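Residue-level structural notes
Here is what each chain is made of, one letter per residue.
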Amino acid sequence: MKGAAVLEARDLHFGYPGAGAAVLAGVSLALRPGEVVALLGANGSGKSTLLRLLLGLLRPGRGTLCLEGRPWAAWRRRERARRVAYVPQIHQVPFPYLVRDLVALGRIPQRGLLRTLGADDRDAVARALERLHITHLAERPYHELSGGERQLCLIARALVQEAQVIVMDEPVTGLDYGHQWRLLALIRELAAAGRAVIMSTHYPDHALNAANRVLLLHAGRLAADGPPEAVVTPANLLLLTGLAVSAHRIPGGPLALVPELVTTWRAAHG
Ligand SMILES: Nc1ncnc2c1ncn2[C@@H]1O[C@H](COP(=O)(O)OP(=O)(O)OP(=O)(O)O)[C@@H](O)[C@H]1O
């Protein structure tokens, strides 16, 4: 995909203080408007760490990060927050927020901390809840919700932020099958409207079908970066998971992935 990068990392190196080996070594990537980038990697491969580096929540030992071509440190915090939204994997709230209040927190970068919500903010919250089909949760305490319901609230909070870049750490985790695919469709819509989305995922078929570009994180490095069908290959899935997986073209349609284990079970047990 062409166009200037909205977020660009060059040669990132990172290790947690006191931990032995580096988690990331020499990772470079660029995220452009209109792109959905999927980040695949095994458990503990450093996906969350990389996303937290891209958000400026961790500092790289080496390397640079630019937002809209300007070094990360040159931006004021609020200006960055207007441009980059984050959907974390795990989220604790310090107060017993109602869902609509938690989602409204996403408006703070737009309005500032001290100004009360206006009609436009309330409309934005209502639209986001509707878009995620969770209007019925608006008056519920966030901390009483299920994991999947909370995840949808965090996505609504990112939507009302109206940031150009959305960083999502395993956004479909905990969501039922219908919500998973509806969320992926929404992510595609956001990108089609000009936003740039990077999301980590453990689902190769989501990367294959919902992303424009796939990054494969392995042994602290990006082992691949390219179009989905060039990256989500049996060879790369073997590297990533240790599993033999075959890819089958549905006539005139997408690729379907089948682990060889399934083929073996079916051959043995019907
Ligand atoms: N705060 C921390 N201090 C020390 N080591 C950490 C810390 N957070 C993560 N790590 C280590 O860094 C490595 C990468 O962790 P990270 O959470 O980035 O992986 P991940 O790919 O997101 O994993 P998962 O798919 O299981 O969520 C792991 O070995 C993890 O144990």
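Residues numbered from 1 in each chain as written. Predicted model: local features only at pLDDT ≥ 70, side-chain atom pairs only at ≥ 80, totals over all residues. Heavy atoms only, no water.

It is worth spelling out the confidence of the model for the protein at this point. Put simply, the protein has an average pLDDT of 92, and 98% of its residues get 70 or more. Model confidence for the complex: the whole-complex pTM is 0.93, and ipTM, which rates the interface, is 0.98. (pLDDT = per-residue confidence, 0-100.)

Let us now look at the side chain of Gln161. Structurally, Gln161 is set in helix 6 (residues 147–161). There is a polar contact of 3.0 Å between the side chain of Gln161 and the backbone oxygen of Val84. (Helix = DSSP H or I, 4+ residues; strand = E, 2+ residues; numbered from the N terminus. Polar contact = N/O pair within 3.5 Å; in protein donor to acceptor, adjacent residues only side chain to side chain.)

Let's shift gears to the domain arrangement of the protein. Taken domain by domain, the protein holds domain 1 (7–224) and domain 2 (233–269). The gap between the C-alpha centroids of domain 1 and domain 2 is 29 Å. The partner domain 2 presents seven residues to the twelve residues of domain 1 that form the contact. Roughly 710 Å² of surface becomes buried between domain 1 and domain 2 when both sides are summed, with 79% attributable to carbon and sulfur atoms. When the buried area of domain 1 at its contact with domain 2 is split by residue, Leu208, Leu216 and His218 rank highest and sum to 50% of it. Across the contact surface, domain 1 and domain 2 share zero salt bridges. Linking domain 1 with domain 2 are zero residue pairs in polar contact (both at pLDDT 80 or more). Every element with two or more residues in the side of domain 1 that touches domain 2 is listed here: strand 3 (36–41), helix 8 (204–210), strand 9 (213–218) and strand 10 (221–226). If one sorts the elements of the side of domain 1 that touches domain 2 by residue count, helix 8 sits on top with four residues. (Domains from an automatic or database assignment. Contact = heavy atoms within 4.5 Å. Buried area = accessible area lost by both parts, 1.4 Å probe. Salt bridge = Lys/Arg side-chain N within 4 Å of Asp/Glu carboxyl O.)

This brings us to the sheet that holds strand 2 (residues 24–31). Read across the sheet, four strands follow the order 2-1-4-5 without closing on themselves; strand pairing throughout is antiparallel. Since the sheet does not close on itself, it has two edges, and those belong to strand 2 and strand 5 (70–71), each with one partner. Here strand 1 (residues 7–14) runs beside strand 4 (residues 62–67); their pairing, made up of five bridges, is antiparallel. Bridging across to strand 4, His13 finds its partner in Arg62. Contacts between helix 1 (residues 47–54) and the sheet are confined to strand 1, strand 2 and strand 4, with strand 1 contributing the most and set at about 125° to the helix. (Pairing = 2+ DSSP bridges. Axes fitted to C-alpha atoms, helices over the stretch in contact; angles between N-to-C directions.)

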